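# Coordinates in review
What follows is each chain in one-letter form.
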Amino acid sequence: MGEDTDTRKINHSFLRDHSYVTEADIISTVEFNHTGELLATGDKGGRVVIFQREPESKNAPHSQGEYDVYSTFQSHEPEFDYLKSLEIEEKINKIKWLPQQNAAHSLLSTNDKTIKLWKITERDKRPEGYNLKDEEGKLKDLSTVTSLQVPVLKPMDLMVEVSPRRIFANGHTYHINSISVNSDCETYMSADDLRINLWHLAITDRSFNIVDIKPANMEDLTEVITASEFHPHHCNLFVYSSSKGSLRLCDMRAAALCDKHSKLFEEPEDPSNRSFFSEIISSVSDVKFSHSGRYMLTRDYLTVKVWDLNMEARPIETYQVHDYLRSKLCSLYENDCIFDKFECAWNGSDSVIMTGAYNNFFRMFDRNTKRDVTLEASRESSKPRAVLKPRRVCVGGKRRRDDISVDSLDFTKKILHTAWHPAENIIAIAATNNLYIFQDKVNSEMH
Amino acid sequence: MLSKGLKRKREEEEEKESLAVDALWLDPGHAAVAQAPPAVASSSLFDLSVLKLHHSLQQSEPDLRHLVLVVNTLRRIQASMAPAAALPPVPSPPVAPSMANNLLASSDAALSASMASLLEDLSHIEGLSQAPQPLADEGPPGRSIGGAAPSLGALDLLGPASGCLLDDGLEGLFEDIDTSMYDNELWAPASEGLKPGPEDGPGKEEAPELDEAELDYLMDVLVGTQALERPPGPGR
């Protein structure tokens, strides 16, 4: 795979010299739109940057299909909750694109408490030849107007305008961890630690609570919601994952409050791997339906698992992301790394799954061939247009030349957020405050 | 094997120093300890978990997932430690010796009660009134890990949250008042009534309902310190 340009140029000099990262620039979410033409990123400073894929042109064959900055805007600002004396972070937790219904693009972005609907429009023409105003907009002296003219639209430099169309506030007491747009294109859901709400995209002053796992006595709290998603085709089905590693598939037709699941997906604990940290590492950090809608992909601390919706007892496939960490769990508990939340992604044909790891490594698993690969997203190891070299982590024993030893992994360099183009072999990897976009130029089409 | 270059918050630096004592856990050579579930957990793992819990609760808005996972892990550790009657004297982190020792010395029930009360405290995140702490205004809420000479472990952990509310927004407390929580508080002697929690549970149901005059008195207690000078009693 070749590498596309890293477009966050602001902090390059910082990184090279001091390993200092501007916190506000840390990317917190990455999401392709439904065609893959646009790629949105959100960061800790509340900003959203949208990249657009350049159409392939014969004049510059080398720049076919590269992503350039399309629009940047401030989505969320830090807020202060006066009642509870709490600062609400502006960090963008999730972005989800709405299916495109007209010339404009729309996306939902959310921080811990508030979801916003943004509309992105292009303006490439402007009217000229007003009767009452001159070119600068100043009112004309009416005595100079002797004839009427019809204003005409003249081309202008492309301007991308972004405006907040809806603000869905005050729906959540706890921190929002996920949002998901329904296939009906009219509703969406937002989930926090204990509750899930259903919203209509056009109505901001009301939402319906569809899941509530808050116990009557907070002393009895033992489990929280960690992620949720609507089924891609069935608008009545959604899934949510928990900190205990279970998945619950719910049917909104069954009851208004979906506290009772239709299906519970849970793998029994492996007695040979039991430890004090069993529960923490089983906590599901991300859940994604396959494009086909038949499978679900989950990520816990050490593995990614594929579940068949028709089988609740156990996953049909389990892939080890970094099993060499199993013996280091205590240290990872001490430095809090064990609580890191990694995301996972399907490719367009559901044949390959991808997830991030430490040391700026990310992993891909081919479900058909059962082969897997570890790649690194870093400036040092990949120049633009170079082919990524597979990496290997050695756990002792025979060590090859370019292997990294477990003990020299950098746990501050985590790839938490990744995204895969819906149709092509293009992936977006967020490494702290850098965005990497990799393309498979040899095999552009999906297998 | 600690992560390199990890930016730690100021409070964490004290923890870091104290935990360096337990280099045992940080040595990858001792991976075996984590691999096979030990029959009895090292009390340093217990201390570590308690510190994590404390640190998590000190946040103005705790990360609920982190909190729940730490509490559940702590319960597992505690459950495995229960059979071991005599806990060996641990190289406790010097920063929070009193709190950790308090919890170690307490019975299991008391520890569960402490943790339970901590979790109950989270219900106040929803905007419900905080149970009034008559002595909470005796000094600034201790935000440091060890606290300023904490006399009661549980109160220390609850301290920052209640102190925060009382310091900043008294008006907000009156938004919706759940009087059932105050029943025991009102009648408890000042030196004792500092541990809201499951012990109050049965008491809540049994206590007589507050009448208007008692509610007024309660308001005065919350609003001003001059209330402390009045002799406690029903009505005025």
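Residues numbered from 1 in each chain as written. Chains lettered and ligands numbered in written order. Predicted model: local features only at pLDDT ≥ 70, side-chain atom pairs only at ≥ 80, totals over all residues. Heavy atoms only, no water.

This paragraph deals with the overall build of chain B. Helices and strands together make up the secondary structure of chain B, namely 12 helices and 0 strands. Taken over 236 residues, chain B has a buried fraction of 46%. Within chain B, residue pairs in contact and separated by at least 24 positions form 70% of the contacts whose partners lie at least 6 positions apart. Accessible surface computed for chain B: about 11500 Å², of which carbon and sulfur atoms make up 56%. (Helix = DSSP H or I, 4+ residues; strand = E, 2+ residues; numbered from the N terminus. Buried < 20%, exposed > 50% of the residue type's maximum accessible area, 1.4 Å probe, protein only. Contact = heavy atoms within 4.5 Å. Areas by Shrake-Rupley, 256 points an atom, 1.4 Å probe, with all protein chains shown as cover.)

This part takes up the layout of surface pockets. Residues and elements named next belong to chain A. Reported here for the second largest pocket is a volume of approximately 840 Å³. Lining the second largest pocket are 33 residues, with Glu31, His34, Lys96, Glu229 and His291 positioned closest to its centre. Those elements that provide at least two residues to the lining of the second largest pocket are β2 (27-32), β8 (94-97), β12 (178-181), β16 (225-230), β20 (286-289), β24 (344-346) and β30 (417-420). The dominant element in the lining of the second largest pocket, judged by the number of residues it contributes, is β2, at 4 residues. Classifying every residue of the lining of the second largest pocket by side-chain character gives 16 nonpolar, 11 polar and 6 charged. (1 Å grid on protein atoms, 1.4 Å probe; cavity = no way out; pocket = protein on both sides within 12 Å on 5 of 7 lines; lining within 4 Å. Points joined across faces, edges and corners; volume = space filled by probe spheres on them. Nonpolar A, V, L, I, M, F, W, Y, C, P; charged D, E, K, R; others polar.)

Turning our attention to the confidence of the model for chain A. Put simply, chain A has an average pLDDT of 89, and 91% of its residues get 70 or more. Per-residue pLDDT stays below 50 along residues 1-20 of chain A; that stretch engages in 56 contacts with residues further than four places along the chain or on separate chains. (pLDDT = per-residue confidence, 0-100.)

Residue and element names in this part refer to chain A. Within the secondary structure, Leu416 is located in the loop between β29 (404-405) and β30. Residues Leu416 and Glu343, 73 residues apart in the sequence, show an inter-C-alpha distance of 5.7 Å. Ignoring sequence-local partners within four residues, the contact set of Leu416 consists of Asp340, Lys341, Phe342, Glu343 and Ala430.

Another point: the sheet that holds β12 of chain A. All names here are of chain A. Taking strand neighbours across the sheet as the criterion, the 4 strands line up as β12-β13-β14-β15 in an open arrangement whose pairing is antiparallel. With partners counted over all chains shown, the strands left at the sheet margins are β12 and β15 (208-212), one partner each. Going from strand to strand, the sheet's axes swing by 20° on average, the running direction of each strand aside. Both strand β14 (residues 195-200) and β15 contribute to a ladder of 4 bridges, which runs antiparallel. Bridge pairing links Asn197 to Asn209 in β15. (Pairing = 2+ DSSP bridges. Axes fitted to C-alpha atoms, helices over the stretch in contact; angles between N-to-C directions.)

Here the focus is the confidence of the model for chain B. Residue and element names in this part refer to chain B. Counting all residues, the mean pLDDT for chain B is 54, and 22% of those residues have values of 70 or more. The low-confidence segment residues 11-37, where pLDDT is below 50, has 39 contacts with residues more than four positions distant or belonging to other chains. Low pLDDT, under 50, characterises residues 85-111; the stretch is placed with 38 contacts to residues that sit more than four places away or in other chains.

Right, let's talk about the pattern of salt bridges for a bit. Residue and element names in this part refer to chain A. Here the structure, examined in full by the defined rule, presents 29 salt bridges over all chains. Of the charged contacts, one joins Asp251 and Arg253 as a salt bridge, the two residues approaching to 3.1 Å between their closest N and O atoms. In this structure Asp251 comes out as buried when scored by relative accessible area, which is 14%. Residue class for Arg253 comes out exposed when judged on its relative accessible area of 66%. (Salt bridge = Lys/Arg side-chain N within 4 Å of Asp/Glu carboxyl O.)

This part is about the nonpolar core. Tyr301, Tyr333 and Ile338 of chain A are the most contacted members of the largest nonpolar core, which has 55 residues in total. Listed by contribution, the elements that provide at least two residues to this core are α2 (278-282), β21 (295-299), β22 (303-308), α3 (329-334), β24 and β26 (361-366) of chain A together with α4 (43-58) and α5 (64-81) of chain B. Considering each element in turn, this core owes the most residues, 9 residues, to α5 of chain B. Excluding anything up to four places from it in sequence, Tyr301 of chain A contacts Ile281, Ser283, His322, Leu325, Leu329, Leu332, Cys337, Ile338, Asp340, Phe342 and Tyr358 of chain A. Formed by 15 residues, the second largest nonpolar core is a distinct cluster that contains Ala345, Val352, Ala377 and Ile415 of chain A. (Core = buried A, V, L, I, M, F, W, Y, C linked by side-chain atoms within 4.5 Å.)

Residue and element names in this part refer to chain A. Scanning the model with the defined rule gives 17 aromatic pairs over all chains in all. Their ring planes at 65° and their centres at 5.2 Å tell us that Phe80 and Tyr82 sit as a pair that is edge-to-face. Classification of Phe80 as partly exposed rests on a relative accessible area of 39%. Plain terms: the ring middles of Tyr436 and Phe438 are 6.0 Å apart, the flat faces sit at 10° to each other, and that makes the pair stacked. Like Phe438, Tyr436 is buried. Among the aromatic residues, those joined into a cluster by ring pairs are Tyr301, Phe342, Tyr358 and Phe411. Just above the ring of Tyr295 sits the side chain of Arg367; from NZ or CZ to the centre is 4.8 Å. (Phe/Tyr/Trp six-rings, centres within 6.5 Å; stacked < 30°, edge-to-face > 60°. Lys NZ or Arg CZ within 6 Å of the ring centre and 35° of its normal.)

Next up on the list: the sheet that holds β20 of chain A. Residues and elements named next belong to chain A. Strand order in the open sheet formed by 4 strands is β20-β21-β22-β23, and the pairing between neighbours is antiparallel. Only two strands of the sheet have a single neighbouring strand rather than two, namely β20 and β23 (317-320). The average angle at which neighbouring strand axes cross in this sheet is 15°, direction not considered. In terms of strand pairing, β21 meets β22 through 5 bridges, oriented antiparallel. Across the sheet, Tyr295 pairs through a bridge with Asp308, a residue of β22.

The next subject is helix α12 (residues 212-223) of chain B. Residues and elements named next belong to chain B. Given a rise of 1.5 Å per residue, 12 residues ought to cover 16 Å, and the 16 Å separating the end C-alpha atoms of α12 matches this to within 8%. All of the buried residues along α12 are Glu214, Tyr217, Leu218 and Leu222. Buried positions in α12, seen along its axis, are confined to an arc of 140° and lie on one side of it. (Expected span 1.5 Å × (residues − 1). Arc of directions from axis to C-beta.)

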